[in-house]
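Breakdown of the fold
Spelled out, the chains give:
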Amino acid sequence: MYVVKSPLSDANLKTVSDALQGGLVDLVDLALVAKQIHWNVVGPRFRSVHLQLDELVDTARTHSDTVAERASALGVSPDGRAATVAVGSGIDVTPEGWVDDTTAVRTIVEALGAVVARMRERIAATGDPDPVSQDIFIQITADLEKQHWMFQAGNG
């Protein structure tokens, strides 16, 4: 079997691969949480929140693919399996059943806040060992912070 060889040292690869794996887990879970709420949101702002959640899902899925492919490019096998995501995510448990629009937005704001904080840690961790991966985390964080702002504005 062919194994992709990383240009990074073993120590740097460990740091970067941990950051990439953690980022992948958070992004996969963020997409799942947003889609779960998307299916269950109710209330006067249903349509706007419903559509905004789909935008977040698209953003999280796009970035999860970028992160996974960066890991692969460095010779690290990405792990986005459900069991891995369930134990490694930094997002709190999502409400069960129907979710009123205000609670839906609050839940997403909290989830985005948690993911953004962890992405910022990954920016710091990857700066020296791999500026390429750091650049990916910077872009992801910028996009998620924009989503965070937009959802916060929705609840005033």
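If you're wondering where the values come from, they're calculated on a predicted model, not measured in any experiment.

Rules behind the numbers
Residues numbered from 1 in each chain as written. Predicted model: local features only at pLDDT ≥ 70, side-chain atom pairs only at ≥ 80, totals over all residues. Heavy atoms only, no water. Helix = DSSP H or I, 4+ residues; strand = E, 2+ residues; numbered from the N terminus. Polar contact = N/O pair within 3.5 Å; in protein donor to acceptor, adjacent residues only side chain to side chain. Contact = heavy atoms within 4.5 Å. UniProt positions renumbered as here; feature names shortened; annotations may be inferred. Buried < 20%, exposed > 50% of the residue type's maximum accessible area, 1.4 Å probe, protein only. Core = buried A, V, L, I, M, F, W, Y, C linked by side-chain atoms within 4.5 Å.

The next point concerns the side chain of Ser 89. Inspection of the secondary structure puts Ser 89 in the loop between helix H3 (82–88) and strand E2 (99–100). A polar atom in the side chain of Ser 89 sits 2.6 Å from the side chain of Asp 29. If we ignore the near neighbours within four places in the chain, the residues touching Ser 89 are Val 25, Asp 26, Asp 29 and Arg 118.

The sites that carry the UniProt feature "domain: Ferritin/DPS" (unreviewed entry) are, in the present numbering, residues 18–153. Secondary structure across residues 18–153 divides into 79% helix and 3% strand, with the first and last C-alpha atoms of the span separated by 33 Å.

Let us now look at the environment of Arg 120. With respect to the helices, strands and loops of the structure, Arg 120 is situated in helix H4 (residues 101–126). Take Arg 120: its relative accessible area is 47%, and that puts it in the partly exposed class. Counting along the chain gives 18 residues from Arg 120 to Ile 138, while the straight-line C-alpha distance between them is 7.8 Å. Those residues in contact with Arg 120 that lie beyond four places of it in its chain are Thr 141 and Glu 145.

Moving on to the nonpolar core. Counting 42 residues, the largest nonpolar core has Leu 30, Leu 56, Ile 108, Ile 140, Leu 144 and Phe 151 as its most contacted members. Take this core: its biggest share by element is 13 residues, from helix H1 (residues 10–40). Apart from residues lying up to four places away in sequence, Ile 140 is in contact with Leu 27, His 63, Val 67 and Met 119.

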